[in-house]
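# Architecture and fold: a report
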There are 2 protein chains.
Amino acid sequence: MTAKEQSILDAALSLFVSNGFHGTPTALIAQKAEVSNGTLFHYHKSKEALVKTLYTCIVTEYQEATLDGEQDIESIKEKVRLLWKQSIDWAFENRDKYHFILQYKYSTTKQDKKTDQVGNLKKRFADITEKGIQQKLIAHRPDDFIFSMFEANQYGMMSYLLENPVKYRMPEFMKQAFTWFWDGISA
Amino acid sequence: MTAKEQSILDAALSLFVSNGFHGTPTALIAQKAEVSNGTLFHYHKSKEALVKTLYTCIVTEYQEATLDGEQDIESIKEKVRLLWKQSIDWAFENRDKYHFILQYKYSTTKQDKKTDQVGNLKKRFADITEKGIQQKLIAHRPDDFIFSMFEANQYGMMSYLLENPVKYRMPEFMKQAFTWFWDGISA
DNA sequence: ATATTGATCGACTAATCACTCGACAATAAT
DNA sequence: ATTATTGTCGAGTGATTAGTCGATCAATAT
């Protein structure tokens, strides 16, 4: 990806988060990215395509950050702890991107088959969950229910942490928060 | 509220949920509401104002539905159960409205001091939580953290139930889901 | 009866915006 | 050296749209 290409995505993210998709003219994105109007459309065939590309990039980054290093861990509980921690860390350190994901999720662009980009994380999580259930560590529940609760927990944690950022730096608080989550899904 | 006024709000909700705020021209709202363009602006001084009014109406309805009858119950646990159930029931039965709330929450209309309409429910919930903590029923945690977890749980439940609507009609599943939530916040 | 008020209409406008296009530059391929 | 390809520009355009305006109409008050 060229520097200009990246610069367009950066500008778009920042403007989308503060003004919304439709509140952000492509001309403004180009301007902020220090690129001409035409260049923007050289890289993205439409505004819609730009939004989608941005979403895909961000979700991919999120999933990689969340899954990073999971393979190196044996214990199911520690795997879950890692995913839980990393998903919150990423969202906390990349608020704009996290905000954008939610914004996109609940936006509705005409007849858009929101490609379920979350598939990868969901799949790996399901594997872990299943193994956990076999080992009688995790309660016997549908994979996707547990995954919903995982996402919900991140959602709630973020909503709280953004109001009380200081708590993020309190290991005891964070540790306890995970314990709650784990107790919730464990057998 | 006159019939036309209501009709405008209904049309707006339906169109917003399927096309987004900015994807919905005011002219289309007026058309669907079977009202002239001028009439729409007679009732709402701007599109922005219309969106805000709609949001306020919906959040108020949500809170009233969720809080309904809470005063008549003594037990803290049963109060929480009622709120938990009613908040999910309402969201499940009013998907468009629930979707709109999230859509609005993560939309960003320029320099908009998102008036924290949730205040009422949050306040009553905090009262209950506090009493629960005193009675050693609920774990000793900040009010707003528990409330975040309450909202997060609803978020997760909805995300799961919308994919698996049949589960909503299984009392055992729903009962267990509440138990999970309660175990999570109880002492 | 008359006046006042508010509801309703829909054509109109001024502005905005997504996207195009043709030109030019830089780089790569032959 | 010549051609092809790709990147870059920004002025221009056609379509869209939020919001206005002046005109009726209905209802109520005086």
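You'll find the structure just up there.
These remarks concern the structure in this document. (Residues numbered from 1 in each chain as written. Chains lettered and ligands numbered in written order. Predicted model: local features only at pLDDT ≥ 70, side-chain atom pairs only at ≥ 80, totals over all residues. Heavy atoms only, no water.)

Below, the discussion takes up the protein's contact with DNA strand D. Around DNA strand D, a shell composed of 14 residues is seen, among which Thr39(A), His42(A), Tyr43(A), Thr26(B) and Lys47(B) lie nearest. What you see for DNA strand D is that sugar and phosphate hold 71% of its atoms within 4 Å of the protein. Contacts to DNA strand D include Gly38(A), whose backbone N or O atom sits 3.3 Å from a base nitrogen. The contact in question runs from a phosphate oxygen of DNA strand D to an N or O atom on the side chain of Thr39(A), over 2.8 Å. For the surface near DNA strand D, the secondary-structure elements that each account for two or more residues are helix 3 (37-43) of chain A together with helix 3 (37-43) of chain B. Of the residues forming the surface near DNA strand D, the biggest block, four residues, is contributed by helix 3 of chain A. Residue composition of the surface near DNA strand D, grouped by class: four nonpolar, eight polar and two charged. (Near = heavy atom within 4 Å. Polar contact = N/O pair within 3.5 Å; in protein donor to acceptor, adjacent residues only side chain to side chain. Helix = DSSP H or I, 4+ residues; strand = E, 2+ residues; numbered from the N terminus. Nonpolar A, V, L, I, M, F, W, Y, C, P; charged D, E, K, R; others polar.)

Relative to the helices and strands, Asn153(A) is located in helix 8 (residues 143-163). The exposure class assigned to Asn153(A) is buried, which follows from its relative accessible area of 10%. Those residues in contact with Asn153(A) that lie beyond four places of it in its chain are Trp84(A), Phe181(A) and Met149(B). (Buried < 20%, exposed > 50% of the residue type's maximum accessible area, 1.4 Å probe, protein only. Contact = heavy atoms within 4.5 Å.)

The two copies are related by a screw motion: chain B maps onto chain A through a turn of 180° and a shift of 0.0 Å along the axis, at an RMSD of 0.0 Å. Taken together, the rotation and translation describe the operation of a two-fold axis. Across chain B, the rotation axis passes nearest the C-alpha of Ala152(B), at a separation of 2.5 Å. A shared binding surface is used by both copies, with 100% of the interface residues of chain B retained as interface residues in chain A. (Least-squares fit on C-alpha atoms with pLDDT ≥ 70 in both.)

Residue and element names in this part refer to chain A. Taking 1.5 Å as the rise per residue, helix 1 (residues 3-19) with 17 residues should run 24 Å; its terminal C-alpha atoms sit 24 Å apart, in good agreement. Restricting attention to buried positions, one finds in helix 1 the residues Ile8, Leu9, Ala11, Ala12, Leu13, Leu15, Phe16, Val17 and Asn19. Immediately beyond the C-terminal end of helix 1, within one or two residues, lies glycine 20, with a positive phi of roughly 80°. (Expected span 1.5 Å × (residues − 1).)

Take the packing of helix 1 of chain A against helix 6 (residues 95-106) of chain A next. All names here are of chain A. Put simply, helix 1 and helix 6 touch, their axes get as near as 10 Å, and they point 65° apart. In the packing of helix 1 onto helix 6, the handedness of the crossing is left-handed. Residues Leu13, Phe16 and Val17 of helix 1 form the contact with helix 6, whose participating residues are Asp96, Lys97, His99, Phe100 and Gln103. Tallied by class, the residues present in the contact of helix 1 with helix 6 amount to four nonpolar, two polar and two charged. (Axes fitted to C-alpha atoms, helices over the stretch in contact; angles between N-to-C directions. Left-handed = near helix turned anticlockwise from the far one by under 90°.)

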